[in-house]
Amino acid sequence: MLEHNCGKYGKDQDYVNWRWKPKQCQLPRFQGKVFLEMMKGKTMAFLGDSVGRNQMSSLICFLSQSISQWLRYRLLNVEIPIGAKNEDEDTVKTWYFQSYDFTLMQLWTKFLVEAAEQEINGTGTGFYDVHLDRIDTSWSGKLPLLDYLIISDGHWFFRKLYLHEYDKLVGCVYCSEGNLTDFGINFAIRKAFRTAFQFINECEECQGLVTVARTFAPAHFENGTWNDGGDCSRTRPFEESAISLTATEYDIRSTQVEELESTRSAKGGKGFGLLDVTKAMMMRPDGHPGSHRDFMGMTGFNDCVHWCLPGPVDMWNEMLLAVLKKGLIAT
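Residues numbered from 1 in each chain as written. Predicted model: local features only at pLDDT ≥ 70, side-chain atom pairs only at ≥ 80, totals over all residues. Heavy atoms only, no water.

If you look the protein up in an unreviewed UniProt entry, it shows as Trichome birefringence-like C-terminal domain-containing protein from Musa troglodytarum. Recorded under Sequence similarities (unreviewed entry), the UniProt text for the protein is reproduced unchanged: "Belongs to the PC-esterase family. TBL subfamily." (UniProt positions renumbered as here; feature names shortened; annotations may be inferred.)

Listed below in structure tokens is the structure:
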């Protein structure tokens, strides 16, 4: 969490003064005690990549501020479950709010589905074999433990991928092999979310599970990409007229929403909700850490993917609470 405390690392904090206002409604401020009362005796997990973890960190900060000082020190980091790996991002972590018997869990996954990095002489290439029809078992076994699942993903698909279905290589993303079809990012994301949603919907041990899909939140690299000098030094949000709803980021959002709606309409498609944050976040190039972060050994790279804490990402949890309070879940 501390690596995204941009103010601590010298970023001007004007970005905290801007707030998303939906059309035709008001988005209430987050009420930590209300949320904790709703979560008494429950377990919630954030499933996805490190941007999903970014949202979970925002939630932990909200909840820690909402309880009294003595209770704040009872936010316990519970022992990592047996079989989980204790390695940087490839981990399952659990936090327990004892006074509310509320468990918060992080389930980290690159693609939602099964994937393996290709290696040459034991060294990773950055290219992945992705099995679009196989669920990632690192998280699937945790579903029966959950009452709420917040699912998101997307950023790991922006690299060379070799796509497999039914044990056959069917195509790729960002490849130039003449004998393979480059299906593009949206195809891979659609298939991965479809597999994940179907698995969740068909989970026989998951009665009462509420699944909320959070749409894609874009990066804002300018003057290059993440590994060749790209930065995000803007200090104000974009005007609405400056963003394009035909951009790749919004196409990804539309793909995710379409797959969610398809699952909702399928037999038994109950308990699915939506956090549609893409358009709001397309307008916030000012809300990333950039160079104002704990580099944790990764010097020379600006972080224009994750979001400052506090910052625009806090709106996602305000929206989450509003969705849960109003019961805006397909039942």
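Enquirer: Tell me what's going on with the pairing of strand β6 (residues 123–135), and back it up with residues and numbers.
Expert: Regular strands show a simple pattern: their side chains alternate between the two faces of the sheet. Taken together, the seven bridges between strand β5 (residues 113–120) and β6 define a ladder with antiparallel strand orientation. Bridging from a neighbouring strand, I120 pairs with T123 of β6. Taken together, β5 and the strand that follows it, β6, pair antiparallel across an intervening segment of two residues, in which N121 is found at a positive phi of about 55°. In this structure, β6 lies alongside strand β8 (residues 161–165), joined through four bridges in parallel fashion. (Pairing = 2+ DSSP bridges. Helix = DSSP H or I, 4+ residues; strand = E, 2+ residues; numbered from the N terminus.)

Enquirer: Could you give an account of the state of the cysteines, with specific residues and numbers?
Expert: The final tally for this structure, using the stated rule, is four disulfides. Between C203 and C206 runs a disulfide, and the two sulfur atoms are separated by 2.0 Å. Here C203 and C206 share a disulfide; its torsion about the S-S bond, 55°, makes the bridge right-handed. Judged on exposure class, the residue C203 and its partner C206 are both buried. (Disulfide = S-S within 2.5 Å. Buried < 20%, exposed > 50% of the residue type's maximum accessible area, 1.4 Å probe, protein only.)

Enquirer: I'd love a proper account of the pattern of salt bridges, names of residues and values included.
Expert: Any two side chains of opposite charge can pair, so long as their charged atoms come close to each other. On inspection of all chains with the given rule, the structure shows 14 salt bridges. Of the charged contacts, one joins E258 and R190 as a salt bridge, the two residues approaching to 2.7 Å between their closest N and O atoms. With E258 in helix α6 (residues 248–265) and R190 in helix α5 (residues 185–201), this residue pair connects regions lying 68 residues apart in the sequence. Classification of E258 by relative accessible area gives partly exposed; the value is 43%. With its nearest N and O atoms 2.6 Å apart, the salt bridge here joins R234 to E222. (Salt bridge = Lys/Arg side-chain N within 4 Å of Asp/Glu carboxyl O.)

Enquirer: For the sheet that holds strand β9 (residues 168–173), give the residues involved together with the corresponding values.
Expert: Across the sheet, which stays open at both edges, the four strands sit in the order β5-β6-β8-β9 with mixed pairing between neighbours. Each edge of the sheet is formed by a strand with only one pairing partner; in this case those strands are β5 and β9. Looking at each pair of strands side by side, their axes are set apart by 30° on average, direction ignored. When β8 meets β9, the two strands line up antiparallel, connected through five bridges. Bridging across to β9, L161 finds its partner in V173. Packing against the sheet, α5 makes contact with β5, β6, β8 and β9, and its axis sits at approximately 50° to β6. (Axes fitted to C-alpha atoms, helices over the stretch in contact; angles between N-to-C directions. Contact = heavy atoms within 4.5 Å.)

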